[in-house]
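The residues making up each chain are set out below.
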Amino acid sequence: TGIPFIVNSVEDQQYMRVYVTNPSDGEHLALDIAFPFDDFNYGAGKKKLIHDSMKPVYLVLHGLNGGSHEEYVKDLVKRRRAEGSTVVVLIARGMMDT
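In this report, the structure presented in the accompanying data block is examined. (Residues numbered from 1 in each chain as written. Predicted model: local features only at pLDDT ≥ 70, side-chain atom pairs only at ≥ 80, totals over all residues. Heavy atoms only, no water.)

This part covers the nonpolar core. Ala30, Ala34, Val60, Val73, Val77, Val87, Val89 and Ile91 form the largest nonpolar core, which has eight residues in total. Residue assignment for this core shows that the elements contributing at least two residues are strand E2 (28-34), helix H3 (71-82) and strand E4 (86-91). At three residues, E4 tops the list of elements feeding residues into this core. (Core = buried A, V, L, I, M, F, W, Y, C linked by side-chain atoms within 4.5 Å. Buried < 20%, exposed > 50% of the residue type's maximum accessible area, 1.4 Å probe, protein only. Helix = DSSP H or I, 4+ residues; strand = E, 2+ residues; numbered from the N terminus.)

Pasting the structure below:
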């Protein structure tokens with residue numbers, strides 16, 4: 001199942017990393033957020049990074065040794081951004097320099 005992602009690489013996606021603190025134990029959670037790549041967010045030098053409330057938000061939970069840099073995650077992010085959706089990748093603690 002992983003062969004298509006090994007053979008056909010997907011270009012890196014643009015993310016905004018956000019850290020959220022858990023108030024009960026003070027631990028941090030990292031989220032990589034990819035906003036829709038469209039004229040509203042990126043057209044003519046704009047970088048508003050706003051979610052369209054009429055579109056879904058996808059939450060991606062990567063595998064054991066993964067993150068937002070994995071090919072299958074980048075492929076999903078690319079496809080969902082193209083349709084105008086926002087994608088949030090939850091980064092497991094200790095992964096991707098968190």
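Let us now look at the pairing of E4. E4 sits mainly inside the fold: five of its six residues count as buried. Sheet analysis places strand E3 (residues 57-61) next to E4, joined by five bridges and oriented parallel. Bridging across to E4, Leu59 finds its partner in Val88. (Pairing = 2+ DSSP bridges.)

Time to look at the sheet that holds E4. As summarised here, the arrangement of the four strands in space is E1-E2-E4-E3, forming an open sheet in which the pairing is mixed. Each edge of the sheet is formed by a strand with only one pairing partner; in this case those strands are strand E1 (16-21) and E3. Strand-to-strand twist across the sheet, computed as the mean angle between neighbouring axes with direction ignored, equals 25°. Examined bridge by bridge, E2 and E4 share five bridges and lie antiparallel to one another. Note on E4: the bridge partner recorded for Ala34 is Val87. H3 contacts E2, E3 and E4 of the sheet and is inclined by roughly 155° relative to E4. (Axes fitted to C-alpha atoms, helices over the stretch in contact; angles between N-to-C directions. Contact = heavy atoms within 4.5 Å.)

Along E2, five of the seven residues are buried, which leaves the element largely enclosed by surrounding structure. Here E1 pairs with E2 via six bridges, running antiparallel. When the bridges of E2 are listed, Thr21 appears paired with His28. Counting the residues that bridge the hairpin from E1 to E2 gives six residues, and of these Gly26 lies at a positive phi of roughly 75°.

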